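Here is how the chains run, residue by residue.
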Amino acid sequence: MASTNASQPAQPSQQPGGGLHVALDDHLPVDHRLSQVYRYGAGIMGLVLLAFGILGLTNNIGFFDTGNNSVGGLNTNGTLSVLSICIGLLLFVGMVIGGNFASTLNMVLGILFILSGFVNLGMLDTGANFLNFRIQNVLFSFVVGIMLMWFGMYGRVSSTLPHDNPYWKARHPDEAAQEQRAREARAAQARGAVSDGRS
């Protein structure tokens, strides 16, 4: 997981019972480097879906056509194309906003893509398959879902986050405060040593 140079830690919220709770939408500093990962992830996956949707629409496929119409090896129809364009544009919005919004959006859409893969897997070769899915679409849905979840969770969900990560600081406020005091003490000693050397 990436190390960060955040200027301030995310602040945990105090639970009524006295415990600490860290939500996935805890504040990130504006200059947080992890935001770039969330932005790039949303942008790349959004571009893939947008291209797939636009190519599907340019083929003039019926909205609920269930024939063997394919784009880039994936079956499609008008409905799936429009849906792909909408999700791609939503990911572009996440890329523009960045920060926790992009991260959470990536995770939520990733989960939805994985669920969609399972649901459409069960609807293959049935009359309910209105999105014209084939097995390659199901696999694509799983891959996109996993990639979006990875981009969204990067630097947020791990048991081995670096200690300068704002999420680690929010989950371990006492240790973070102790480490901060130790850093300040070492900095003060270093300044004192420099001053003594000049005197």
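All figures in this text were calculated on a predicted structure; none of them were measured in a lab.

Rules behind the numbers
- Residues numbered from 1 in each chain as written.
- Predicted model: local features only at pLDDT ≥ 70, side-chain atom pairs only at ≥ 80, totals over all residues.
- Heavy atoms only, no water.
- Axes fitted to C-alpha atoms, helices over the stretch in contact; angles between N-to-C directions.
- Helix = DSSP H or I, 4+ residues; strand = E, 2+ residues; numbered from the N terminus.
- Parallel < 35°, antiparallel > 145°, perpendicular 65-115°, else oblique.
- Left-handed = near helix turned anticlockwise from the far one by under 90°.
- Contact = heavy atoms within 4.5 Å.
- Nonpolar A, V, L, I, M, F, W, Y, C, P; charged D, E, K, R; others polar.
- Phe/Tyr/Trp six-rings, centres within 6.5 Å; stacked < 30°, edge-to-face > 60°.
- Buried < 20%, exposed > 50% of the residue type's maximum accessible area, 1.4 Å probe, protein only.
- Patch = residues over 30% accessible without salt bridge, like charges linked within 9 Å, V, L, I, M, F, W, Y side chains within 5 Å.
- Areas by Shrake-Rupley, 256 points an atom, 1.4 Å probe, with all protein chains shown as cover.
- Salt bridge = Lys/Arg side-chain N within 4 Å of Asp/Glu carboxyl O.

Draft legend 1. Broad picture of the packing of helix α2 (residues 78–97) against helix α3 (residues 99–122). Between α2 and α3, whose axes approach to 7 Å, the crossing angle comes to 155 degrees. With respect to α3, the axis of α2 lies roughly antiparallel. Between α2 and α3 lies a crossing of left-handed hand. The residues of α3 that touch α2, namely those facing I87, L90, L91, V93, G94 and I97, are G99, F101, A102, L105, N106, L109 and F113. Class assignment for the residues of the contact of α2 with α3 results in 10 nonpolar, three polar and no charged.

Draft legend 2. Quick peek at the environment of V37. Looking at the element boundaries, V37 is found in helix α1 (residues 34–58). As for V37 and S103, which are separated by 66 residues in sequence, their C-alpha atoms are 8.6 Å apart. Leave out the neighbours within four places in its chain, and V37 touches F151 and Y154.

Draft legend 3. Expanded view of the packing of aromatic side chains. Applying the stated rule across the entire model yields three aromatic pairs. Relative to F140, the ring of F52 lies with its centre 6.4 Å away and its plane at 40 degrees, an arrangement referred to as tilted. Here the residue F52 occupies a position in helix α1, and F140 occupies one in helix α4 (residues 135–153), the gap between them amounting to 88 residues. For F140, a relative accessible area of 24% translates into the label partly exposed.

Draft legend 4. Structural detail: the packing of α3 against α4. α4 packs onto α3 with a crossing angle of 160 degrees between their chain directions and a minimal axis gap of 7 Å. One finds that α3 runs roughly antiparallel with respect to α4. Seen from above, α3 lies across α4 with left-handed handedness. For the contact of α3 with α4, the per-class residue count stands at 16 nonpolar, nine polar and no charged.

Draft legend 5. Examining a nonpolar patch on the surface more closely. Judged by side-chain polarity, L57, F63, F64, V82 and F130 come together as a nonpolar surface patch covering roughly 480 Å² of accessible area. Relative to the helices and strands, F130 resides in the loop between α3 and α4.

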